Amino acid sequence: PLQMERAVLESRVREMEEENRQIRLQLSQLQGTAGQPADGGNYGNAAWGASADTGPEDVENTAEERANHTECPRSPTVLKCELIHVACVCAGHNASRDVVTLVKSILFHRKNPLHFHFITDAVANQILSSLFQSWMVPSVQVSFYDADELKSEVSWIPNKHYSGIYGLMKLTLTKALPSDLTKVIVLDTDITFATDIAELWAIFRKFTDKQVIGLVENQSDWYLGNLWKNHKPWPALGRGFNTGVILLYLERLRRIGWEQMWRLTAERELMSMLSTSLADQDIFNAFIKQNPVLVHQLPCFWNVQLSDHTRSEQCYTEVSDLKVIHWNSPKKLRVKNKHVEFFRNLYLTFLEYDGNLLRRELFGCPSHATSETLEELDEDDQCYDFRRERITVHRVHLYFLQYEYTPTGDDTDVTLVAQLSMDRLQMLEAICKHWEGPISLALYMSDAEAQQFLRYAQASEVLKNRKNVGYHIVYKEGQFYPVNLVRNVALRNANTPYVFLADVDFLPMYGLYDYLRKSVVQLDMANTKKALVVPAFETLRYRLSFPKSKAELLSMLDMGTLYTFRYHVWTKGHAPTNYAKWRTATTPYKVEWEADFEPYVVVKRDCPEYDQRFVGFGWNKVSHIMELDAQEYDLMVLPNAFMIHMPHAPSFDISKFRSSPGYRYCLQTLKEEFHQDLSRKYGAAALKYLTAQRNI
């Protein structure tokens with residue numbers, strides 16, 4: 001019965017196609033008699049913006065197609081809600097950043113559902129999977145394929161290109177991608193779209209029966225072999241083709257035995273060429289030279305190549321002709337081209353574009369709604385904005401910069417965990433000088449600020465030489481600073497058994513990293529539930545001669561150049577540390593929890609996370625320490641550790657807290673709800689927090 005149903009469906013489809021053909025024919029005849037517009041203009045093209053069939057291969061266009069170039073706007077050749085498949089090879093931290101800009105440019109123009117297929121190494125997989133999960137763009141699917149499993153397919157090919165083994169991976173796509181995937185657009189990561197990708201997808205419909213691959217001619221003289229003396233490129237058809245943008249007809253490629261064909265081509269050529277210079281591009285070109293009938297040449301504006309020495313300027317007469325810009329020079333944005341300023345601005349637009357704006361629905365195309373919705377919240381609630389923040393999903397880009405960490409063999413390693421925004425950026429260099437161990441930082445920023453941060457980090461001698469700092473961007477959204485959500489991102493992405501939960505405006509004492517690792521062993525942290533307290537101090541001086549020892553710190557305390565932290569404004573926050581005892585202590589000592597205690601502590605990485613209902617200023621750390629106490633962590637003060645708070649302007653949220661009764665009311669409400677939750681979770685043990693709160 002299934003086969004019968006299928007046969008019926010197939011014949012229905014054929015009937016519909018025939019009907020459509022007849023209608024198009026009638027339309028074209030009608031248009032043919034209607035005559036050209038008076039000014040000889042080409043409204044059809046204007047309506048669809050230099051459409052996909054203005055390429056040189058269109059000489060033999062049918063009367064029906066030519067008739068489209070009249071005042072009747074062309075009907076789009078991609079169906080509404082048709083799924084477009086895009087594949088990309090992406091490895092490492094830098095390529096993962098590039099891919100985001102490419103994706104933004106595609107999302108900006110698209111009107112169709114998209115399915116991205118990423119061939120990734122472990123790094124790019126971790127970054128992009130968490131990014132897309134938190135981005136939650138409607139009508140976008142993402143699949144990942146492990147590049148390591150494909151390496152053996154291409155590792156036998158010597159390659160001199162800077163892309164390394166990943167530059168050869170596009171050859172393996174018929175094998176890597178699902179066997180039922182018929183067509184895919186393959187893109188390099190250094191591509192920017194200036195038009196709707198559906199126009200490119202539509203070109204598949206123009207392939208002849210034999211054509212299996214669509215490419216744009218290479219716009220440099222590389223394959224002509226005359227760039228320098230003894231320059232011997234791989235064989236190519238004429239100028240050859242560039243593989244930055246490829247239309248792959250996977251179904252047909254599988255049918256003709258593509259895998260075996262490219263291998264034989266590569267083996268044959270490598271006998272004389274010894275290695276590839278342009279990775280997969282050399283092999284694609286040698287293959288096409290042998291089988292020219294298989295290639296469909298795309299109009300060159302589908303891959304305007306901006307490497308040096310290119311003829312790309314002959315590709316577009318006006319900027320409106322541009323479809324795709326390809327930054328295929330190792331120099332990327334510093335390439336020579338007289339229109340490069342325009343291209344650079346287009347690229348920077350997407351680089352700094354607010355990705356949250358791309359979460360828009362596609363009208364008329366079904367998409368999966370998110371589970372936890374705003375409908376569950378009461379809009380009349382005075383604290384609606386606070387509660388809304390709790391269910392906001394912020395886009396997260398992990399490991400924004402190069403990151404390398406080698407675990408220590410002894411399981412005592414400690415990561416400094418902190419969060420910051422743009423106004424605390426200047427603290428990073430100083431922290432790196434004071435703490436040589438691994439650091440996990442979450443940065444709350446807009447897309448544009450993230451790019452500013454990138455430039456800052458790449459220009460800093462201190463930061464660019466430190467590879468054991470993980471920078472995780474949490475993108476701005478909403479009116480509050482979701483401080484505990486940002487802290488949790490930094491905490492979750494620490495890679496050591498222990499974490500030092502700090503704040504970015506504190507400088508740890510010199511040598512604290514080694515001291516903490518010794519304390520972890522000394523206090524048997526592996527087998528006990530402890531939180532090690534690092535006593536906090538502060539200076540009101542911008543230029544401080546940092547104490548080299550506890551003795552030096554004590555004399556500065558006596559002289560009044562240092563104070564115990566928040567001594568003037570909020571003594572309760574750190575009073576339980578018992579600074580009087582600390583002055584003479586030589587061994588760690590236990591302290592009891594008290595209301596509003598918010599010390600900086602070292603704990604195991606699997607400690608409870610911060611409670612994300614607390615946003616902006618107030619109670620964000622207090623609630624965390626309370627939960628540690630509820631879980632029966634012993635609070636142990638370290639006798640030879642200290643950290644010093646450096647002065648800075650008050651944060652926006654403190655000002656809001658001080659000036660807004662509504663803000664204070666909502667914070668009080670959230671506190672009470674937090675207490676109720678603690679009681680539910682920890683029973684009678686949590687009663688002391690309520691009592692302590694009432695006694696304040």
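Parameters and conventions
Residues numbered from 1 in each chain as written. Predicted model: local features only at pLDDT ≥ 70, side-chain atom pairs only at ≥ 80, totals over all residues. Heavy atoms only, no water. Pairing = 2+ DSSP bridges. Helix = DSSP H or I, 4+ residues; strand = E, 2+ residues; numbered from the N terminus. Core = buried A, V, L, I, M, F, W, Y, C linked by side-chain atoms within 4.5 Å. Buried < 20%, exposed > 50% of the residue type's maximum accessible area, 1.4 Å probe, protein only. Contact = heavy atoms within 4.5 Å. Disulfide = S-S within 2.5 Å. 1 Å grid on protein atoms, 1.4 Å probe; cavity = no way out; pocket = protein on both sides within 12 Å on 5 of 7 lines; lining within 4 Å. Points joined across faces, edges and corners; volume = space filled by probe spheres on them. Nonpolar A, V, L, I, M, F, W, Y, C, P; charged D, E, K, R; others polar. Polar contact = N/O pair within 3.5 Å; in protein donor to acceptor, adjacent residues only side chain to side chain. Axes fitted to C-alpha atoms, helices over the stretch in contact; angles between N-to-C directions. Salt bridge = Lys/Arg side-chain N within 4 Å of Asp/Glu carboxyl O.

Moving on, we come to the sheet that holds strand E16 (residues 506-508). Spatial strand order, E16-E23-E18-E19: 4 strands in an open sheet with mixed pairing. The outermost strands of the open sheet, each flanked by one partner alone, are E16 and strand E19 (563-564). For strand E18 (residues 536-538) and strand E23 (residues 643-645), the ladder comprises 3 bridges, and the chain directions are parallel. Following the sheet pairing, Phe537 is matched in E23 by Ile644.

Before going further, it helps to spend a moment on the nonpolar core. In this structure, Phe453 and Phe500 are the most contacted members of the largest nonpolar core, which totals 116 residues. Here Phe453 is in contact with Phe400, Leu401, Met422, Leu425, Leu428, Leu443, Met445, Tyr471 and Ile473, once residues within four sequence places are set aside.

Let us now look at the state of the cysteines. One pass over the structure, following the stated rule, counts 2 disulfides. Here Cys81 is linked by a disulfide to Cys365, with a sulfur-sulfur distance of 2.1 Å. Because the sign of the S-S torsion sets the handedness, a value of about -95° for the bond joining Cys81 and Cys365 places this disulfide among the left-handed ones. Highlighted residues: Cys81 in the loop between helix H3 (63-66) and strand E1 (84-90) and Cys365 in the loop between helix H12 (340-351) and helix H13 (384-391), separated in sequence by 284 residues. The exposure class of Cys81 is partly exposed, given its relative accessible area of 26%. A disulfide bridge connects Cys383 with Cys666, and the sulfur atoms are separated by 2.1 Å.

What follows is about empty space enclosed by the protein. Counted under the stated rule, the structure contains 2 cavities of 30 Å³ or more. By volume, the largest cavity amounts to about 40 Å³. Residue assignment for the lining of the largest cavity shows that the elements contributing at least two residues are strand E21 (600-604) and helix H21 (622-630). Class assignment of the residues belonging to the lining of the largest cavity gives a composition of 6 nonpolar, 1 polar and 1 charged.

As a further point, take the side chain of Asp503. For Asp503, the position within the fold is in the loop between strand E15 (498-501) and E16. A distance of 2.8 Å separates a polar atom in the side chain of Asp503 from a polar atom in the side chain of Tyr600. If we ignore the near neighbours within four places in the chain, the residues touching Asp503 are Ala418, Gln419, Arg487, Tyr600 and Lys621.

Here we come to the sheet that holds strand E13 (residues 439-445). In space, the 9 strands of this open sheet follow the order E11-E14-E13-E12-E15-E21-E17-E22-E20, with mixed pairing throughout. With partners counted over all chains shown, the strands left at the sheet margins are strand E11 (396-397) and strand E20 (589-591), one partner each. As paired elements, E11 and strand E14 (residues 469-475) share 2 bridges and run antiparallel to each other. Following the sheet pairing, Val396 is matched in E14 by Val474. The strands touched by helix H17 (residues 483-492) are E11, strand E12 (414-421), E13, E14 and E15; relative to E12, the strand with the most contacts, the crossing angle is about 145°.

Let us look at the pattern of salt bridges. When the charged atoms of two side chains with opposite charge come close together, those side chains can pair. Scanning all chains against the criterion turns up 33 salt bridges. We note a salt bridge from Asp503 to Arg487, for which the minimum N-O separation is 3.3 Å. A residue pair is termed long-range when its members are at least 10 positions apart, and Asp503 in the loop between E15 and E16 and Arg487 in helix H17 qualify at 16 residues. When the shortest N-O distance is used, the salt bridge between Asp503 and Lys621 registers 3.2 Å. Pair noted here: Asp503 is in the loop between E15 and E16 and Lys621 is in the loop between E21 and H21, with a separation of 118 residues, a long-range link. Salt bridges sharing common partners tie together Lys104, Asp354, Arg395 and Asp447.

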